[in-house]
Amino acid sequence: MKHVFSVRIGPVGFRVGSDWRAPIRQLAALYAGYPQPEDGVPDFTVRLFAQRPWRRVIRPAVMIGGDFMIPDAAPLPLAQGLLAAEMAMNLQMALGQRRYLLLHASAVERDGRVLLMTGESGSGKSTLAALLSQRGWRLMGDEFALIDPVTGLAHAFPRLVSLKNAAIAVAEAAMPQARFGPLLEGTPKGAIRHLVPDAAAVAAMDMPGKPALLLFPRFGFAPDIRDVAPGEVFMRLTQASTNYVAMGERGFDALTRLVLSIPAQAIDYPDTKHALAQVEALWEAL
Amino acid sequence: MAAVYRAAPAEALRIVPLDAFTAIYHRASGITHLVGPPVPEILTALGPDGLTLPALIARLGDTYDLLDADEAALGARLDELVAAGLVRTA
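All residue numbers refer to position in the chain's written sequence, counted from 1. Chains carry letters from A onward and ligands carry numbers from 1 onward, assigned in written order. Only residues with pLDDT of at least 70 are given local features in this predicted model, and only at 80 or more are side-chain atom pairs given and counted; all residues enter the totals for whole chains, interfaces and linings. The basis for every side-chain value is the complete set of non-hydrogen atoms in the structure, without hydrogens or water.

**A few points about the domain arrangement of chain A**
How big an interface is tends to be stated in terms of the accessible area lost upon association of its parts.
Residue and element names in this part refer to chain A.
Consideration 1: What marks off one domain from the next here is an automatic or database domain assignment. Under the domain assignment, chain A is made up of domain 1 (3-96) and domain 2 (101-284).
Consideration 2: The centre of domain 1, based on its C-alpha atoms, is set 24 Å off from the matching centre of domain 2.
Consideration 3: Facing the 22 residues of domain 1 at the interface are 27 residues of domain 2.
Consideration 4: A buried area of about 2000 Å², summed over both sides, lies between domain 1 and domain 2, and 67% of it is on carbon and sulfur atoms.
Consideration 5: Two parts placed together each lose some accessible area under a 1.4 Å probe, and the buried area is that loss summed for both. On the domain 1 side of the interface with domain 2, the three residues burying the most area are Leu-30, Tyr-34 and Met-93, jointly 27% of the side's total.
Consideration 6: Salt bridge, as applied in this entry: a Lys or Arg side-chain nitrogen positioned within 4 Å of an Asp or Glu carboxyl oxygen. Viewed at the interface, domain 2 and domain 1 are joined by 2 salt bridges.
Consideration 7: Arg-8 is the salt-bridge partner of Asp-206, the closest N and O atoms lying 2.8 Å from each other.
Consideration 8: As used in this structure description, the phrase polar contact means that two N or O atoms lie within 3.5 Å; if the pair is within protein, one of them must be able to donate a hydrogen and the other to accept it, and residues adjacent in sequence are counted only when both atoms belong to side chains. Taken together, the links from domain 1 to domain 2 amount to 8 residue pairs in polar contact (both at pLDDT 80 or more).
Consideration 9: Helix numbers and strand numbers start at the N terminus; a helix is a DSSP run of H or I with at least 4 residues, a strand a run of E with at least 2. Broken down by secondary-structure element, the contributors of at least two residues to the side of domain 1 that touches domain 2 are β1 (3-9), β2 (12-18), α1 (21-30) and α2 (81-96).
Consideration 10: When its residues are assigned to classes, the side of domain 1 that touches domain 2 shows 15 nonpolar, 5 polar and 2 charged. By the convention used here, residues are in contact when the closest approach between their heavy atoms is within 4.5 Å. The classification used treats Ala, Val, Leu, Ile, Met, Phe, Trp, Tyr, Cys and Pro as nonpolar, Asp, Glu, Lys and Arg as charged, and all other residues, Gly among them, as polar.

Structure, rendered in structure tokens:
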């Protein structure tokens, strides 16, 4: 491909090739402090390409491809090329990752212990992880937590934090000194702005942590905290894992071990101030 | 002669009790089953040697308080477990 960018995020190396310069330039700027893939060999390759040759210039639309693809993915306008790259990188992880059990969860670490937060888009897991990273926690990732089936440890995957809609203003106000990507409006998920993880998150990204607490946050409800029993946690995490089935018995062992080793709570919250207080209180009570 | 139902051999399954639910991984198919009572109890009662349906009802009745055990209902559950590979007939 004409334009190429390589990066390592946690234990995973990516190579992104593109028909256009702009998305590669944005990736290079936002991932400026990140290392290169181990030995220069990426785990996954991503391609951003034009649907037809002339669509490089006329109403340019970005198709995403790579080692793993979904057949009916719709192209994105070139202005959202950065989002296309991030989506393509996530897709490779979701479909191709076999070394770690992947949980669709954000993760933050303190004193070597890891707080996992899982929930659907809009639950606030990315926002809470970003805000906690300003309050003495290390950001390990906002999208995927990587559970090592051998050790049970959680590995960091601190890609750009994907902030959506109302979460953008919340993060901008809370972190005026942070670096953000361009504001992408009118995407399939509404407005999106990427937040660059802080230098501490990148510097420590090779350091795994021991899972200590699992939360199921839910934004937009009156404050509430309830225990979630292991059977329900197991069921919800099989659904929150993109590679549980593909991992086979290693995935089963990793997940049952995780479920039986850490407490889990569902937290409902009306605003981030409540959520942060709930998180700190539950953490203190461990 | 009545069919004898046997639990799948121990090496065919990974069984991890979670709480009221038990997670069972079926190695041959790679499928995870999240089951509640009385499935783990049935597997334990059948064991590798197996039991007929009436004998299973009697065994479960000895161990647990079975109120009006329904042979047809338990037979249907056993057939589901056979289809899932957790129980074998012979």
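**Side note on the pattern of salt bridges**
Consideration 1: Scanning the entire structure with this criterion turns up 17 salt bridges over all chains.
Consideration 2: The closest approach of N and O atoms between Glu-249 of chain A and Arg-14 of chain B, which form a salt bridge, is 3.7 Å. Here Arg-14 of chain B lies in strand β2 (residues 13-17) and Glu-249 of chain A lies in helix α7 (residues 244-261), a pairing that spans two chains.
Consideration 3: With its nearest N and O atoms 3.1 Å apart, the salt bridge here joins Arg-77 of chain B to Glu-80 of chain B. With Arg-77 of chain B and Glu-80 of chain B both in helix α3 (residues 71-84) and 3 residues apart, this pair spans about one turn of that helix.
Consideration 4: Burial classes: relative accessible area under 20% of the type maximum marks a residue as buried, over 50% as exposed, and values in between as partly exposed (1.4 Å probe, protein chains only). The exposure class assigned to Arg-77 of chain B is partly exposed, which follows from its relative accessible area of 33%.

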